[in-house]
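Given next are the chains, with one letter for each unit.
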Amino acid sequence: MEKQPRLLASQLFLKNSVFEVLLNGVLLTWKEIPDNKKVVSGSIHHPFKVGTSHSVSVSEILAVRELDVDGGTKDGRWQKMPQKLTEAYPYAFTVSYVERARQHRWRCSDVTFHCSEGALCQQWIQTIREQLTALTNRPKHLLVYINPYGGKQQGKCIYEQKVAPLFACASISTDVIVTENANHARDHLKTEAELKKYDGVVCVGGDGMFSEIVHGLVSRTQRDNGVDQNSLEEKLVPCTLRIGIIPAGSTDCICYATVGINDPVTSALHVIVGDSQPMDVCSVHHNNTFLRYSVSLLGYGFYGDVLADSERKRWMGPARYDFSGFKTFLTHHHYEGAVSFLPATDTLGTPRDKTRCRAGCFICQHDGQLYSGDSPEESKTAPDVSDREYEMGWGVVRGKFLAINAASMSCACPRSPKGLSPAAHLADGTTDLILVRKCSRFNFLRHLLRHTSKDDQFDMTFVEVHRVRRFRFTPRHCQNDSELDLRENGKQLFSQICRDHPACSCSPAYSSWNCDGEILPHAAIEVGVHCQLIKLFARGIEEQPLFEDLANPPCAL
Ligand SMILES: Nc1ncnc2c1ncn2[C@@H]1O[C@H](COP(=O)(O)OP(=O)(O)OP(=O)(O)O)[C@@H](O)[C@H]1O
Ligand SMILES: CCCCCCCCCCCCC/C=C/[C@@H](O)[C@H](CO)NC(C)=O
Ligand SMILES: [Ca+2]
C-alpha cells in the first residue's frame, strides 16, 4: 500500500511574526496569524501585513537544513538571526525553494522558521526530507561536461559560481569534465562513460555543446541496443538519461525554447527539481548513410551561408552571427533544387496555429502517443510514417530558394523570441519545413524582420510552410551527388558556373546545411523525425501570468 505523506501543522515564528505553517505532501504553506488566534506567545513586531500567505509546491523545494542557535546552518552557511528571537526560539530550520521571477526566470529563495522546541524543529526537518526523498524523478548523481570555449568563454565560471552551489545545496553529487577539444564530450559518452552511474547528463555551453551530448547519448543507446543508425527505416531507441543544459553559448536556442530564458540559475533549478521534457530529434542521411542528428534548425541557403561565414569569425564571439547575418543578407544568394516531403496529416497542430507549445502541451501529448506503443519494440521511436501517410504520398516543390529551413521546435532565441516557426512543437514527431522562394532583397528583409515582431512571417506570397515527418532535398546541379562532397567539389562547381556566366551576379550552385550550428558536408540530404527520442531537464515554457504579458508586449517591427 502506498504510504500517505505525513501532515504537519504548527504555529512557527518567521520574521518576528507568528505563522500557521502547513505541510500536506503537496504544498508547504505559511500564513500569518491574526493576534487573537495565536497560541505561541507574543510577537515582537509585524513587518508583514496580517494575512500574508505563501505556498510552495513540495516538488519545488530544493532542501531543508537546520539552523544553529548562533545563526549558522549545520551545512556551514551563515544566517543572521535577531538576538531576541534566538533567545525565545532557539531552534530554526531553513527551507530553500524555487521562486518565479520575471520572464520565466527562476530563483532560489530561503525561508527560515523558528521554533521554541527542538523536537518540533526536528520533526519539521525530518518530514520535509521524507517528502523530498519520495520525489523519485529528482537526479542524485550527474555527469557534467563544461565547454570552456563556448559563447563568451564563461562556461567554467558560470558553473562554479552559479550552478555547483545549487547542486550542492540539493545534495546532488557530480562528476565534472571540462572538455579539452571539440567532440570530447560526444566521444566520451559514446564509448567510455559509465552511464549506469548517473541520473542525467548536464552540459555547460551552447547549442553546439548540447548537440555533442545528443550525438553521444543517442549513438550509445543505438549501439547498446543493436540499432543501425545508417538505416532511415530503423526505429531508434529513446535515450533514458535526461539532458540538462546550462546555457553558456552564443545562441542557446534549445535552452531558450525549452525553458523560456537562457539563464544558468533557472536551468540548474529545472535540473534539481527533476523536470522532464521529451524532444523530437531529426536524423539526417545522405545516400543511406547517417550524417548527423538535429533538434532545432536544419537550414540551407540563408542560415547555411550565415553559419559557414560565421565559423571563420569565431574570434568575434556571439557577435559573429550578426556580422555574418548582415553580410549574407547583402549577398542575397538563391539556390535551385527540389524539396520532397511527407506531410504530417494526422497531427492536431499546424504551423499557422496561434497556440504555442507550452509546458504540459496537449498537442505534444496527443501526437506523441500516436507514435509510441506499450511494448518495448513499439516504443522505439521512428521517422514515424503510418501506412496511411505513405498512401497519401509525398509533395514536391521545385524552384529557386533563398532559404530552406526545417524547424523541429520553435527555435526561439534571444534574437527572435518567437522563433523561426513560432507554432512548432517540441515533441509532436514533426518538423516545420519553411520554404522561402527567391524574392527581392526588400521582401526578404521584411520576412526576416517579422521573426522579431508579432507579424506572421509565413503570410507572404514567396513563403510556404509545411508540417512534415520526412523530407528530402536535391540540389539542381546535383548530377551525381553521391560523388559530391561540398568541401571538395562545391567551390569548383561554383567557379565553373560563374565562368559560364561571366559578369553575372549569379549565385553559387550550392549552399551548406546548417545543422544545429554545424555545417554538413553534403547538400543532398534526407531527413526523418524521431518522435520524443530524448528527454531534457525542462518542462517547456510556462505560461506567463497575464499581467506580465501586458507589461511586456512583443515588439512590433
Ligand atoms: N574544449 C573545447 N575546445 C574547442 N571546442 C570545443 C571544446 N569543447 C566543445 N567544443 C566545441 O565548441 C563548439 C561551440 O560550442 P558551444 O555550442 O558551447 O558554443 P557556441 O557555438 O558559442 O554557442 P551556440 O552553439 O549556442 O551558438 C561546439 O561545437 C563544441 O563541439
Ligand atoms: C537583417 C535582420 C535580421 C533579423 C533576423 C532575426 C532572425 C533570427 C532567427 C534566429 C534563428 C536561430 C535558430 C537557431 C539555430 C541554432 O541551431 C544555431 C546554433 O546555435 N544558431 C545559428 C545562428 O545558426
Ligand atoms: Ca517537433
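The rules we used
Residues numbered from 1 in each chain as written. Chains lettered and ligands numbered in written order. Predicted model: local features only at pLDDT ≥ 70, side-chain atom pairs only at ≥ 80, totals over all residues. Heavy atoms only, no water. Donors = N, O, S within 2.8 Å, 3.2 Å for Na, K, Ca; no water. Helix = DSSP H or I, 4+ residues; strand = E, 2+ residues; numbered from the N terminus. Buried < 20%, exposed > 50% of the residue type's maximum accessible area, 1.4 Å probe, protein only. UniProt positions renumbered as here; feature names shortened; annotations may be inferred. Arc of directions from axis to C-beta. Contact = heavy atoms within 4.5 Å. Near = heavy atom within 4 Å. Polar contact = N/O pair within 3.5 Å; in protein donor to acceptor, adjacent residues only side chain to side chain. Areas by Shrake-Rupley, 256 points an atom, 1.4 Å probe, with all protein chains shown as cover. Nonpolar A, V, L, I, M, F, W, Y, C, P; charged D, E, K, R; others polar. Domains from an automatic or database assignment. Core = buried A, V, L, I, M, F, W, Y, C linked by side-chain atoms within 4.5 Å. Disulfide = S-S within 2.5 Å. Buried area = accessible area lost by both parts, 1.4 Å probe. Salt bridge = Lys/Arg side-chain N within 4 Å of Asp/Glu carboxyl O. Pairing = 2+ DSSP bridges.

Caption draft 1: Broad picture of the coordination of the calcium ion (ligand 3). In this structure, Asp280 (OD), Ser408 (O), His425 (O), Asp428 (OD) and Thr430 (O) serve as the protein donors to the calcium ion (ligand 3), at separations of 2.3 to 2.6 Å. Each donor residue of the calcium ion (ligand 3) belongs to the same chain, with the gaps between them written as D-x127-S-x16-H-x2-D-x1-T. Residue Ser408 is located in the loop between strand 16 (395–407) and strand 17 (431–437), and its partner Asp428 is located in the loop between strand 16 and strand 17; the two are separated by 20 residues in the primary sequence. Of the two residues, Ser408 and Asp428, both sit in the buried class.

Caption draft 2: Representation of the UniProt feature "domain: DAGKc" (unreviewed entry) in the protein chain in the model. Here the UniProt-annotated "domain: DAGKc" (unreviewed entry) positions come out as residues 137–288. As annotated, residues 137–288 comprises 38% helix and 22% strand, and the C-alpha atoms at either end are separated by 38 Å.

Caption draft 3: How the structure looks around helix 10 (residues 362–370). Taken residue by residue, helix 10 has Ile363, Cys364, Asp367 and Gly368 as its buried positions. For helix 10, the angular spread of buried residues about the axis comes to 120°, placing them on one side. What points out from helix 10, more than 90 degrees from its buried face, is the exposed set Phe362 and Gln369. In the core, the buried residues of helix 10 are packed alongside strand 21 (525–536).

Caption draft 4: Highlighting the site of ligand 2. Close to ligand 2 lie 16 residues, the nearest being Asp207, Thr251, Ser296, Asn514 and Asp516. Within the side chain of Thr251, a nitrogen or oxygen atom sits 3.2 Å from an oxygen atom of ligand 2. The separation between an oxygen atom of ligand 2 and a polar side-chain atom of Asn514 is 2.9 Å. Here ligand 2 has 650 Å² of accessible area as a free molecule, and 84% of this is covered by the chains. Residues that form the shell around ligand 2 fall into these classes: eight nonpolar, six polar and two charged. Mapping the shell around ligand 2 onto the domain boundaries places at least three of its residues in each of domain 2 (137–276 + 537–557) and domain 3 (283–371 + 382–529).

Caption draft 5: Expanded view of the environment of Glu518. Looking at where Glu518 falls in the secondary structure, it is placed in strand 20 (residues 518–519). The class for Glu518 is partly exposed, based on a relative accessible area of 33%. The sequence separation of Glu518 and Gly304 amounts to 214 residues, and the corresponding C-alpha distance is 9.0 Å.

Caption draft 6: View of the nonpolar core. Ranked by internal contacts, the top residues of the largest apolar core, which has 52 residues, are Tyr145, Leu189, Phe210, Ile213, Leu217 and Ile534. The residues that make up this core include at least three from each of domain 2 (137–276 + 537–557) and domain 3 (283–371 + 382–529). If you look at the next biggest cluster of nonpolar residues, it comprises 26 residues, including Ile146, Ile158, Tyr159 and Ala268.

Caption draft 7: View of the site of ligand 1. Of all residues adjacent to ligand 1, which total 23 residues, the nearest are Thr179, Gly206, Gly208, Glu212 and Ser250. Here Gly208 contributes a backbone N or O atom positioned 2.8 Å from an oxygen atom of ligand 1. Protein chains bury 88% of the 630 Å² of accessible surface belonging to ligand 1 in isolation. Within the residue set of the shell around ligand 1, elements represented by two or more residues are helix 5 (207–224) and helix 9 (319–331). Element by element, the count of residues in the shell around ligand 1 is highest for helix 5, at four residues.

Caption draft 8: Expanded view of the state of the cysteines. Here the structure, examined in full by the defined rule, presents zero disulfides. The thiol of Cys115 is unpaired, and the distance to the nearest cysteine sulfur, on Cys121, comes to 4.3 Å. On the accessibility criterion, Cys115 (1% relative accessible area) is buried. Of all cysteine sulfurs, the one in Cys255 lies closest to Cys203, which takes part in no disulfide; the gap is 9.2 Å.

Caption draft 9: Geometry of the domain arrangement of the protein chain. Domain assignment breaks the protein chain into domain 1 (8–133), domain 2 (137–276 + 537–557) and domain 3 (283–371 + 382–529). On the domain 2 side, the residues contacting the 20 residues of domain 1 number 22 residues. Contact with domain 2 buries surface across domain 1, with Leu62, His104 and Trp106 losing the most and accounting together for 45% of the total. Counting the contacts that link domain 1 with domain 2 gives four salt bridges. In this structure, Glu542 engages Arg100 in a salt bridge whose closest nitrogen and oxygen atoms are separated by 2.9 Å. Elements represented by at least two residues in the side of domain 1 that touches domain 2 include exactly strand 5 (61–67), strand 6 (91–100) and strand 7 (106–115).

Caption draft 10: Structural view of the pairing of strand 17. For strand 17, a buried count of six out of seven residues is recorded, marking the element as mostly surrounded by other parts of the structure. In this structure, strand 17 lies alongside strand 18 (residues 463–475), joined through six bridges in antiparallel fashion. For Leu433, the partnering residue across the bridge sits in strand 18 and is His466.

Caption draft 11: Representation of unusual backbone geometry. Within the chain, Gln103 stands out as a residue other than glycine whose phi angle is a positive 55°. Mapped onto the fold, Gln103 is located in the loop between strand 6 and strand 7. Phi angles above zero are rare outside glycine, and Gln532 is one such case at about 55°. Relative to the elements of secondary structure, Gln532 occurs in strand 21. Classification of Gln532 by relative accessible area gives partly exposed; the value is 23%.

Caption draft 12: Up close: the pattern of salt bridges. On inspection of all chains with the given rule, the structure shows 24 salt bridges. The shortest N-O distance in the salt bridge between Asp110 and Arg65 comes to 3.1 Å. Here Asp110 is found in strand 7, whereas its partner Arg65 is found in strand 5, with 45 residues between them in sequence. The partly exposed category is assigned to Asp110, whose relative accessible area is 35%. Judged by relative accessible area, Arg65 falls into the buried class, the value being 5%. A salt bridge links Lys156 to Glu160; the shortest N-O distance between them is 3.8 Å. Separated by four residues within a single helix, Lys156 and Glu160 lie in helix 3 (residues 155–169), roughly one turn from each other. Here the residues in one salt-bridge network are Glu60, Arg100, Asp275, Arg539 and Glu542, joined through shared partners.

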